[in-house]
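Given next are the chains, with one letter for each unit.
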Amino acid sequence: MNGFAIVMLARPRGKAATVHTLQVAAAGATTLLSFAVAMLAFAFWRVSSPEPGYPILAIGLAGLLLVPLITLGTATARLAARSRDDRLATLRLLGVTAARVRALAVTEITLMAAIGVLAGTLLAALLPLALGPLTVYGEPLSATGLRLDRWLPWWIAGAIPPALVAIAALSALFGLRRVVLSPLGVRTRQEAPRLSWLRVLVAALAVGGALLVVQFASPGWGVVVTVAALTVAVLAIQGVLGLVGPFAIALRAKRTASRTADAATLVAARGIEDDPRTAWRSVSALALATFVLIPAGSLLGYLDTISRSQSREIMTPDQLLLFADARTMLVALVAVSFAVVACQTALTQTATVLERRELSIALDRMGMPRSTIDSTRARRALSPTAFAVVGAALAAVIIAAPLVFIAAAVAPLFLLAAALVLGLGLLLVRAGVAVTRPVLWAVLDAPARGE
Amino acid sequence: MQHTPRSPHPTHSADPYPWLLRAESLTKTFGQTLALSDASVTVRPGEAVAIMGASGSGKSTLLHALAGVLPPDRGTVLLRRPDGDGFDDLAALTDAERSGLRLRRFGFVFQQGLLIPELTAGENVALPLLLAGISRHEANARAATELHRLGLAGLDPRRIGQLSGGQAQRVAIARALAVRPSVIFADEPTGALDSGTASEVLDALVAASTGPERALVVVTHDEQVAARCGRVVRLRDGRVEEAQ
């Protein structure tokens with residue numbers, strides 16, 4: 001088939017243009033967040049302190065935020081494929097191979113990502129103004145100057161945009177593997193959920209191991225070994241959350257669906273039960289951030305209390321500064337995680353509205369109130385989010401119980417602040433759902449426009 | 001939501017409004033396209049009406065206007081109240097009021113069924129009842145009754161993907177009937193089925209959708225489907241050409 005004809009068919013119009021705006025905005029936001037994380041991580045990295053915790057803070061911050069940034073790319077790919085389904089299916093019908101259609105879709109997603117990354121990179125030049133008031137190692141970051149090249153070496157600043165475009169392309173390739181591009185239409189490949197109690201057993205063993213590490217950790221191990229052991233424990237817990245999360249939310253959804261008399265709750269719960277892995281994948285980053293926030297916030301609160309008391313002499317000045325900076329890192333981790341998940345939710349919700357447009361129109365015709373249709377998808381997105389956050393918080397409280405209880409007694413404001421941060425984060429994700437409401441309204445109004 | 005009867009051509013017979021649904025002089029345009037032009041249709045209790053016409057003749061627009069999905073630019077759509085005491089003018093209602101009316105007074109059967117795939121057959125049928133505020137227990141019981149009536153006894157717990165095309169379409173009919181509607185609107189209800197299954201589904205649809213205070217309106221291309229209806233309304237370029 002003539003390449004020009006393919007480009008003609010693939011050219012975005014109407015609905016696709018709206019989706020492209022979302023894609024570009026998501027890529028721009030991802031870029032901005034990536035630059036902010038890199039700038040903060042590099043600020044930790046270049047601290048010349050005898051305290052070895054700073055490189056760990058830098059690597060930890062960069063590492064913990066890599067996964068959510070990649071999953072955001074996957075969500076963008078899915079949205080792009082679903083929003084163009086008619087034209088992609090037409091290309092298949094006209095004889096273009098699935099591989100070529102896939103390549104075309106990946107090219108388009110990469111192009112949109114590149115535009116967003118470029119916009120984000122330009123906006124990143126303003127980040128020194130926003131991050132300037134933060135302090136690292138007791139010095140305000142604004143002392144570094146207000147030019148981006150003073151914050152990041154040229155090779156890091158230069159590597160971020162192409163790396164993000166590459167992640168978008170790879171995520172598109174990976175994401176499109178789950179989408180069937182057939183001449184009769186485009187649909188997401190459904191995999192029957194295979195969840196078993198074996199997961200719970202594996203999870204229990206991993207939790208036991210993590211508990212042992214936390215219980216036996218002692219100052220005698222030295223800071224590096226202690227932090228490394230805690231990192232292993234956190235990674236084990238992340239693995240456990242990944243194993244148990246889908247199982248737990250499917251179980252909860254099943255119970256809810258069998259009892260509720262509310263139509264929106266029923267549809268939302270059955271939707272989660274139908275594909276718990278996807279539901280969990282979209283919120284797993286929040287579970288990890290919450291899980292880190294509770295014990296780390298408690299520890300920092302406890303240390304903050306010590307640093308204000310006469311016992312502060314047991315800590316070196318460098319350690320005091322490190323603990324203050326760890327707090328900054330923690331807030332950045334949670335804030336960026338929620339921002340990424342909110343962006344991802346907006347993209348996923350848009351893709352879902354487009355995927356289920358015929359069904360939504362049918363429900364609207366049947367007389368299901370539009371607020372109920374909207375509420376159904378909101379619950380489907382927010383219920384796993386709340387479950388992940390509350391579940392991870394409870395798990396963290398159980399595992400780090402002594403630390404959390406001491407912090408609750410000596411530094412309750414830290415725990416209140418942690419709860420407030422989580423509450424604000426949930427509101428941010430809710431906003432991610434709310435911004436896609438116009439897409440649903442546009443779909444429901446399509447028959448009135450004669451479409 | 002209720003409107004005082006004005007002049008829907010009342011008669012002095014025992015039944016002042018011998019119709020369930022009456023559309024008069026409907027006009028609807030989409031941009032430069034005239035989809036309906038001065039179209040009038042009357043649907044009486046107990047009858048099955050087929051709306052036929054070529055693609056783009058305005059069949060779906062007429063169905064949507066009759067069902068209160070689309071407000072016409074001009075004209076009225078009157079729906080007789082269940083007690084026969086007056087009527088509601090759909091064109092004068094707000095969007096929310098029309099939604100409420102569709103939920104309680106109308107049933108819909110679509111070509112592809114458009115059932116919610118993650119719900120069971122029973123839950124799909126119970127859904128409009130839950131929306132109408134009926135308890136889960138009663139909604140489940142009524143859904144089971146409707147499924148039984150349509151020859152699907154025992155299939156309540158099955159997901160839609162576990163049903164055949166004909167069974168899924170019967171579930172869609174059961175869902176449309178669950179709220180005991182006055183009018184059932186069917187848009188190419190057998191278009192996605194093989195001829196044998198289509199005939200069975202059509203039998204079930206006509207039998208279940210017509211009665212003393214109930215009527216069926218079917219949009220179809222298929223002459224065989226139209227032949228099963230008591231009356232055929234033919235459309236051409238948005239105009240009612242023939243109402244047999």
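See above for the structure.
Presented here is a report on the structure given in the accompanying data block. (Residues numbered from 1 in each chain as written. Chains lettered and ligands numbered in written order. Predicted model: local features only at pLDDT ≥ 70, side-chain atom pairs only at ≥ 80, totals over all residues. Heavy atoms only, no water.)

**Brief notes about the overall build of chain B**
Short version of the rule: Secondary structure elements are taken from DSSP: a helix is a run of H or I of four residues or more, a strand is a run of E of two residues or more, and numbering for both begins at the N terminus. Only C-alpha atoms enter the radius of gyration; for comparison, a globular chain is expected to reach 2.2 Å times N to the power 0.38, where N is the number of residues. Summary of the burial criterion: residues with accessible area below 20% of their type's maximum are buried, those above 50% are exposed, and those between are partly exposed, where the area comes from a 1.4 Å probe applied to protein chains only. Reported accessibility uses the Shrake-Rupley method at a 1.4 Å probe radius. Residues are deemed covered only where the shown protein chains occlude them. Working convention for charge: Lys and Arg count positive, Asp and Glu count negative, and His plus the chain ends are omitted. Where a charge sits is defined by one atom per residue type, namely NZ (Lys), CZ (Arg), CG (Asp) or CD (Glu).
Counting secondary structure elements, chain B contains seven helices and 10 strands. By the compact-globule yardstick of 18 Å for 244 residues, chain B fits well, its C-alpha radius of gyration being 18 Å. Residues counted as buried form 58% of the 244 residues belonging to chain B. Only carbon and sulfur atoms are counted for the fraction: they give 49% of the accessible area of chain B, which is about 9,900 Å². Measuring between centres, the 26 positive side-chain charges of chain B sit 2 Å from its 27 negative side-chain charges.

**Notes on the sheet that holds strand E5 (residues 87-89) of chain B**
Hydrogen bonds along the backbone pair up the strands of a sheet, which may run parallel or antiparallel. Residues and elements named next belong to chain B. Quick note on the threshold: DSSP calls a pair of strands paired once it identifies at least 2 bridges connecting them. All axes here are fitted lines through C-alpha atoms, helices being fitted over the stretch that makes contact, and every angle between N-to-C directions spans 0 to 180 degrees. In this analysis, two residues are considered to be in contact whenever any of their non-hydrogen atoms come within 4.5 Å of each other.
The four strands are arranged E2-E1-E4-E5 in an open sheet whose pairing can be described as antiparallel. The open sheet has two edge strands with one neighbour each: strand E2 (33-43) and E5. Strand after strand, the sheet turns through a mean of 25° between neighbouring axes, direction not considered. Sitting on the sheet, helix H1 (residues 59-66) touches strand E1 (21-30), E2 and strand E4 (74-80), and the angle it makes with E1 is about 125°.

**Things to note about the nonpolar core**
The cut-off we apply is this: Here, the term nonpolar core denotes a set of buried Ala, Val, Leu, Ile, Met, Phe, Trp, Tyr and Cys residues that are joined through side-chain atoms within 4.5 Å.
By size, the foremost hydrophobic cluster in this structure holds 181 residues, and its most contacted members are Phe44(A), Leu61(A), Leu152(A), Phe106(B), Leu127(B) and Phe185(B). Ranked by residue count, the leading element in this core is helix H15 (residues 317-355) of chain A, at 16 residues. Apart from the residues lying within four places of it in its own chain, the contact partners of Phe185(B) are Leu21(B), Leu63(B), Leu66(B), Ala67(B), Phe106(B), Gly107(B), Phe108(B), Val109(B) and Val217(B).

**Regarding the interface of chain B and chain A**
Interface size is often expressed as the accessible area that is lost when the parts come together. Filter applied, for reference: Buried area: the sum, over both parts, of the accessible surface (1.4 Å probe) that disappears when the two are put together. By salt bridge we mean one thing: a side-chain nitrogen of Lys or Arg within 4 Å of a carboxyl oxygen of Asp or Glu.
On the side of chain A, 30 residues touch chain B, which itself brings 24 residues to the contact. Buried area between chain B and chain A, both sides added, is near 2,400 Å², and the carbon and sulfur share of it is 63%. Its largest share of buried area at the contact with chain A, chain B owes to Glu118(B), Leu131(B) and Arg136(B), together 24% of the area lost on that side. Seen at the junction of chain B and chain A, the total is six salt bridges.

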